[in-house]
Amino acid sequence: MAGGTDTPFTIPVSSRIQRLPPYLFARLNTLKAEKRRAGYDIIDLGMGNPIDPSPDFVVEKLAEAAHDARNHRYSASVGLFNLRREVALKYKRKYGVDLDPDKEVVVTIGSKEGFSHLMLAMLGTGDTVVVGDPAYPIHVYAVALAGGNVISVKLGNDEAFLERIEHVLRNLFPRPKLVILNYPHNPAAMTVEPLFYQQAVALARQYGVLLINDFAYGETCFDGYHAPSFLATPGAKEVGVEFSTMSKPYNMAGWRVGFCCGNSEMVRALSTIKGYYDYGHFAPIQIASILALRKGDDFVQAQSVVYQKRRDVLVAGLKKLGWEVETPRASMFVWAKVAPQHLAGDGTIDFALRLVEHAEVAVAPGRGFGDNGEGYVRIALVENELRIKQALRQMDAYLNGRKKHQRPSSLATAKGRTTEAATGDHPHI
Ligand SMILES: Cc1ncc(COP(=O)(O)O)c(C=O)c1O
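These numbers come from a predicted model, not from an experiment. (Residues numbered from 1 in each chain as written. Predicted model: local features only at pLDDT ≥ 70, side-chain atom pairs only at ≥ 80, totals over all residues.)

Some remarks on the sheet that holds strand E7 (residues 240-245)
Link 1 in the chain: One open sheet accounts for seven strands, arranged E2-E8-E7-E6-E5-E3-E4; its pairing is mixed. Two strands lie at the open edges of the sheet, namely strand E2 (105-108) and strand E4 (149-154), each paired on one side alone. Shown here is a sheet whose adjacent strand axes are inclined to one another by a mean of 20°, direction ignored.
Link 2 in the chain: Where E2 meets strand E8 (residues 258-262), four bridges bridge the pair, whose relative direction is antiparallel. Bridging across to E8, Val 107 finds its partner in Phe 259. (Pairing = 2+ DSSP bridges. Helix = DSSP H or I, 4+ residues; strand = E, 2+ residues; numbered from the N terminus. Axes fitted to C-alpha atoms, helices over the stretch in contact; angles between N-to-C directions.)

What about the site of the ligand?
Link 1 in the chain: Taken together, the neighbourhood of the ligand is formed by 13 residues, with Gly 110, Ser 111, Lys 112, Thr 245 and Ser 247 sitting nearest.
Link 2 in the chain: Its residues placed into classes, the shell around the ligand shows three nonpolar, eight polar and two charged. (Near = placed C-beta within 6 Å. Nonpolar A, V, L, I, M, F, W, Y, C, P; charged D, E, K, R; others polar.)

Overview of the nonpolar core
Link 1 in the chain: Ranked by size, the top nonpolar core spans 115 residues in total, and within it Leu 45, Cys 260, Cys 261, Val 361, Val 363 and Ile 379 carry the most contacts.
Link 2 in the chain: Ranked by the residues each element gives to this core, the list is headed by helix H11 (residues 283-295), at six residues.
Link 3 in the chain: Built from parts of two domains, this core gets at least three residues from each of domain 1 (20-48 + 298-423) and domain 2 (56-295).
Link 4 in the chain: Excluding its chain neighbours within four sequence positions, the residues that come into contact with Leu 45 are Val 361, Ala 362, Val 363, Ile 379, Ala 380, Val 382, Glu 383 and Ala 391. (Core = buried A, V, L, I, M, F, W, Y, C linked by C-beta atoms within 7 Å. Buried ≥ 20, exposed ≤ 12 C-beta atoms within 10 Å, placed from the backbone. Domains from an automatic or database assignment. Contact = placed C-beta atoms within 7 Å.)

Details of the domain arrangement of the protein chain
Link 1 in the chain: Assigned domains within the protein chain: domain 1 (20-48 + 298-423) and domain 2 (56-295).
Link 2 in the chain: The partner domain 2 presents 30 residues to the 26 residues of domain 1 that form the contact.
Link 3 in the chain: Put simply, the parts of the chain that give the side of domain 1 that touches domain 2 at least two residues each are helix H12 (297-321) and strand E10 (333-337).
Link 4 in the chain: If one sorts the elements of the side of domain 1 that touches domain 2 by residue count, H12 sits on top with seven residues.
Link 5 in the chain: Grouping the constituent residues of the side of domain 1 that touches domain 2 by class yields 13 nonpolar, nine polar and four charged.

Quick word on the packing of helix H5 (residues 111-122) against helix H6 (residues 138-145)
Link 1 in the chain: Where H5 meets H6, the closest approach of the two axes is 8 Å, and the angle between their N-to-C directions is 35°. Taken as a pair, H5 and H6 cross one another with a handedness that is right-handed. Here H5 contributes Lys 112, Phe 115, Ser 116 and Met 119 to the contact with H6, which in turn contributes Ile 138, Ala 142, Val 143 and Leu 145. (Left-handed = near helix turned anticlockwise from the far one by under 90°.)

Below, the structure written as structure tokens:
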């Protein structure tokens, strides 16, 4: 053919994409998909994707607002004023924090989008960000995509962790620009008390570094624990912002609504980037979110109780398996150390692959969240209590060589089902 060549045509994607770290969950996701295609009912406790329904009254408001053609136009990229005002009211009601809805609140398309674009807004090539290890992967990927470099510091929730961060701030030149915090933590489910943030703010001021707290699990708390907001710390608004989300507390993960609140310069920088990149969220979603924030406190509380009950079932079962597990007081996860006899010399990625293959249970290998996650797995509370018990029986059968428990017929017939909704066994909210 004229002009033809034997050399394959190459697509040179940007160096931005090439500098992303390898995606360590890829093999696991492939195996899960293969097993499902082969008809296995994999009990998936790997993803932190809520399975319970969004509040009815919020869904109804969405439908009503969607019928109003005035809501079909482009919206505002920073979010509707009434939604930003409702976020400020909630911060005041729950945490005693004063926020100016015009300058200190921006609506994001989920907190993940907001976080990623804030990295783009704050970082230039070669800027450095301190991130705990293990970490929620986007805390690393978004920095890399924005051209920044990550310095990993062994995660903690105490003075020793802040001292490790201080060591980096004191010794690295040029000095890091941002420190990422995330309490209640994903994946480690660690929590903090207000004193931790006071010390973090003092550190930020001393070294001129900015703080970002990812507060995605701030309202998923158990046993009477109330996760403190970073923004309730005196001086926090001078040095940082906090991300929150509708995804977890309101079971609205697919709706993609999050918020970035706090320091007005950082909020403005994010708003500027968003002004160029998007036209704001579909207005009916924002209108329904206003109602959720205004009337959803009881719903959020009830959903936490659902997770707490699942946590109790899971922790008890893992202990019976012979694992060392701390009972988390917040988040959607149990971060469990795999018993050495079960790990059998493998890393957690291979262990998780074996668990899918032989026990038909998926968990997230700790190694996927960083070097310091090795030896642990993250188990998400995203199946109902019956299915969690079933998963534990299957793990026991495989790991401890016990007889496989007979599955209830409703589960035994399920082909490739992944959620309790699919089993027809709806959770109590
Ligand atoms: C720590 C953390 N931050 C942010 C997110 C993303 O939340 P959103 O749905 O608001 O983008 C998640 C989701 O799993 C998360 O675990």
